[in-house]
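Coordinate inspection notes
Here is how the chains run, residue by residue.
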Amino acid sequence: MTSFLVGSAPQTVTYDRRVGKYRDGTGKFVSRATVLRLVDQESDRLATRMKAHARLLTDGRIDIPEFQKRAAEDLKLSAIRSTILGSGGRSQATNQAYGSTGRLLREQYQFLDGFARDLAAGKLSKAQAIQRASLYGASTRSAFHTAEKIARGREGFIEAKRSLDPSAAHCPQCLSYSTSGQWKPLNEVTMPTVNCECSQFCRCLVIFRKRLA
């Protein structure tokens, strides 16, 4: 079991491996839109914390090594929470999922090192530093989507369908990754945020299904 906001209050939810969905306290399925909203909320929280660290740095209240330490810790914790959510709860998260998240984090730490070098070189204004720090918030989406694909494959889901969010702008890669309403083998479907110019800001949608009888 795990807890998160369903509606206006925290609820204990369970994960139904047979259908790859969460159930709320009444046994009803938690909607896909609700789960994705939780992903966005996690992203927003991380962005807020990263901006706060950058403000402390640019105000001279912490130094660059301390900024990196705080930022790296928040990146790690946010990625772990997103991995757990995508996996179906803490008890469902596998070493494979955590390993994928570890690779994502190593990449983010490299970006953070570059950010620190630019700060040390005085290449960024205060406003630019805070804005750049906020961009790390979206990285948590990659952890969610990757963990979700791993979990669904383990649960016997063998097909997926990827669609474009009609309210978002899309890069050329996202347009090519769309399955145009067709179900495709899971291993042929690229998850949102992966190998596209949109990167962690990708708003494409993926749903899964098992083989039909």
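Residues numbered from 1 in each chain as written. Predicted model: local features only at pLDDT ≥ 70, side-chain atom pairs only at ≥ 80, totals over all residues. Heavy atoms only, no water.

**Looking at the sheet that holds strand 6 (residues 205–209)**
- Strand order in this open sheet of three strands is 5-4-6, and the pairing throughout is antiparallel. Taken across any chain shown, the strands that pair with only one partner, and hence form the sheet edges, are strand 5 (184–185) and strand 6.
- Bridge count for strand 4 (residues 159–163) against strand 6 is five bridges, and the pairing is antiparallel. From the neighbouring strand, S163 faces strand 6, where its bridge partner is L205. (Pairing = 2+ DSSP bridges. Helix = DSSP H or I, 4+ residues; strand = E, 2+ residues; numbered from the N terminus.)

**Describing the packing of aromatic side chains**
- By the definition in use, this model includes three aromatic pairs.
- Ring centres 5.2 Å apart and planes at 70° place the aromatic pair Y15 and Y22 in the edge-to-face group.
- What makes Y22 buried here is its relative accessible area of 5%.
- Aromatic rings pair up to connect F67, F115 and Y136 into one cluster.
- Sitting over the face of the ring of F29, K21 holds its NZ or CZ atom 5.2 Å from the ring centroid. (Phe/Tyr/Trp six-rings, centres within 6.5 Å; stacked < 30°, edge-to-face > 60°. Buried < 20%, exposed > 50% of the residue type's maximum accessible area, 1.4 Å probe, protein only. Lys NZ or Arg CZ within 6 Å of the ring centre and 35° of its normal.)

**A few points about the packing of helix 1 (residues 32–58) against helix 2 (residues 64–87)**
- Between helix 1 and helix 2, whose axes approach to 10 Å, the crossing angle comes to 175°. By the angle between their axes, helix 1 is roughly antiparallel relative to helix 2. Two secondary-structure elements touch here, helix 1 through V35, L38, V39, E42, L46, R49, M50, H53, A54, L56 and L57 and helix 2 through I64, F67, R70, A71, D74, L75, S78, R81, S82 and L85.
- Here the contact of helix 1 with helix 2 is composed, by residue class, of 13 nonpolar, three polar and five charged. (Axes fitted to C-alpha atoms, helices over the stretch in contact; angles between N-to-C directions. Parallel < 35°, antiparallel > 145°, perpendicular 65-115°, else oblique. Contact = heavy atoms within 4.5 Å. Nonpolar A, V, L, I, M, F, W, Y, C, P; charged D, E, K, R; others polar.)

**Considerations on the state of the cysteines**
- Scanning the entire structure with this criterion turns up zero disulfides.
- No disulfide involves C196; its sulfur sits 3.8 Å from that of C174, the nearest cysteine.
- Summary of cysteine pairing: C202 is not part of a disulfide, and the nearest cysteine sulfur, belonging to C174, is at 3.6 Å.
- The class for C202 is buried, based on a relative accessible area of 3%. (Disulfide = S-S within 2.5 Å.)

**Topic: the pattern of salt bridges**
- Evaluation of the coordinates by the stated rule reveals 15 salt bridges.
- The closest approach of N and O atoms between D74 and R49, which form a salt bridge, is 2.9 Å. Within this pair, whereas D74 is found in helix 2, its partner R49 is found in helix 1, the two being separated by 25 residues in sequence.
- Among the residues examined, D74 registers a relative accessible area of 9% and is labelled buried.
- A single network of salt bridges, built from pairs that share partners, joins R32, E148, R152 and E155. (Salt bridge = Lys/Arg side-chain N within 4 Å of Asp/Glu carboxyl O.)

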